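Topology and contacts: notes
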Amino acid sequence: TVKHRFVEDGTHVTTGEPIIELSNPQLHMDAINREAQLLDQQNNLRNTRLAMDQQTTRLKDELLNLDKDLKRLERDALVDERLVKDSLLARNTFMSNKENLHYMREKRKLVAANVRSDSLFRMSQVGSITNNLALIDQNLKFLRENLQNLVVKAPIDGQLSGLSVEIGQTKQRGERIAQIDVLESFKVRARIPEHYVSRVSAGLQGTLTHAGKEHAI
């Protein structure tokens, strides 16, 4: 439906100048719904990436804490060995500390393996998430451009002719709205006998006579 008319018939227009604005409630509603879906997908992907970042940080922090605890336990183990030899430390306590050290070393191996697995998983997922986010951005851009296309603009400079639209008038897809005549140049149409059609091709030079003068075309 014609919502606004910016210029009158016969006006000289420039490239990109608005001619009329159309209204399409169904298109707007579809675009709003689709945009909401895309933004929801976008938020989900960003939340997934954020959760992955937090998981990576948590694992690295856990590994750092384990390394710190292991260094302390290994220092304590050296002291325990001297103490137990001098009978200054109960054998049971010595064995318990030794088992705890072994446990922490195994736990450190497990966490280090998790860090490596997380790194590999992250490498494979981040690329996919980035590509999906870029695709969503493209779709959002397309939606917005599609709505902007409801404002019909002049594709070239020239004089507007044949514009016969009224506010509230309904236009169908592909229906003619107007034409723009380029006054600085001419478009030549010629009827070619069937016998010569096969001999005509793009780039072929020709001449025409206009106002008593011969012109190359």
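Residues numbered from 1 in each chain as written. Predicted model: local features only at pLDDT ≥ 70, side-chain atom pairs only at ≥ 80, totals over all residues. Heavy atoms only, no water.

**So, the overall build of the protein**
Threshold: Where helices and strands are cited, they refer to DSSP runs of H or I of at least four residues and of E of at least two residues respectively, numbered from the N terminus. For this measure, only C-alpha atoms enter the radius of gyration; the expected value for a globule follows 2.2 Å times N^0.38, where N is the number of residues. Burial status follows relative accessibility: with a 1.4 Å probe on protein chains alone, a residue under 20% of its type maximum counts as buried, one over 50% as exposed, and anything between as partly exposed. Where accessible areas are quoted, they stem from the Shrake-Rupley method and a 1.4 Å probe; at the residue level, only the protein chains shown are allowed to cover. When charges are counted, Lys and Arg are positive and Asp and Glu negative, with His and the chain ends excluded. Charged side chains are reduced to one point each, which is NZ for Lys, CZ for Arg, CG for Asp and CD for Glu.
When you go through the protein residue by residue, the secondary structure sums to 2 helices and 8 strands. Counting from the amino terminus, the protein carries its helices and strands in the arrangement β-β-β-α-α-β-β-β-β-β. Rg of the C-alpha trace for the protein: 38 Å, well past the compact-globule value of 17 Å for 217 residues, more than 25% over. Principal axes of the C-alpha set define a box for the protein whose edges measure 125 × 50 × 30 Å. When burial is assessed residue by residue, the protein has 19% of its 217 residues classed as buried. Split by element, the accessible area of the protein, about 16400 Å² in all, is 52% carbon and sulfur. Averaging the locations of the 32 positively and 29 negatively charged side chains of the protein gives two centres separated by 5 Å.

**Describing the pattern of salt bridges**
Pairing of side chains with opposite charge becomes possible as their charged atoms draw close. Operational definition: Counted as salt bridges are all cases of a side-chain nitrogen of Lys or Arg within 4 Å of a carboxyl oxygen of Asp or Glu.
For the structure on display, the rule yields 10 salt bridges. A salt bridge links E8 to R5, with the shortest nitrogen-to-oxygen separation between them at 3.1 Å. Of the charged contacts, one joins R108 and D67 as a salt bridge, the two residues approaching to 2.8 Å between their closest N and O atoms. Remark: D67 occurs in helix α1 (residues 25-85) and R108 occurs in helix α2 (residues 91-148); sequence separation between them is 41 residues. Note on D67: relative accessible area 24%, which makes it partly exposed.

**Describing the pairing of strand β8 (residues 213-216)**
Along any regular strand, the residues point their side chains to alternate faces of the sheet. Rules: Whether two strands pair comes down to DSSP finding at least two bridges between them.
Examined bridge by bridge, strand β7 (residues 207-210) and β8 share 4 bridges and lie antiparallel to one another. Bridging from a neighbouring strand, H210 pairs with K213 of β8. Hairpin connection, β7 to β8: the antiparallel pair is bridged by 2 residues, and A211 has positive phi, about 55°.

Distances and angles like these do not, on their own, reveal function.
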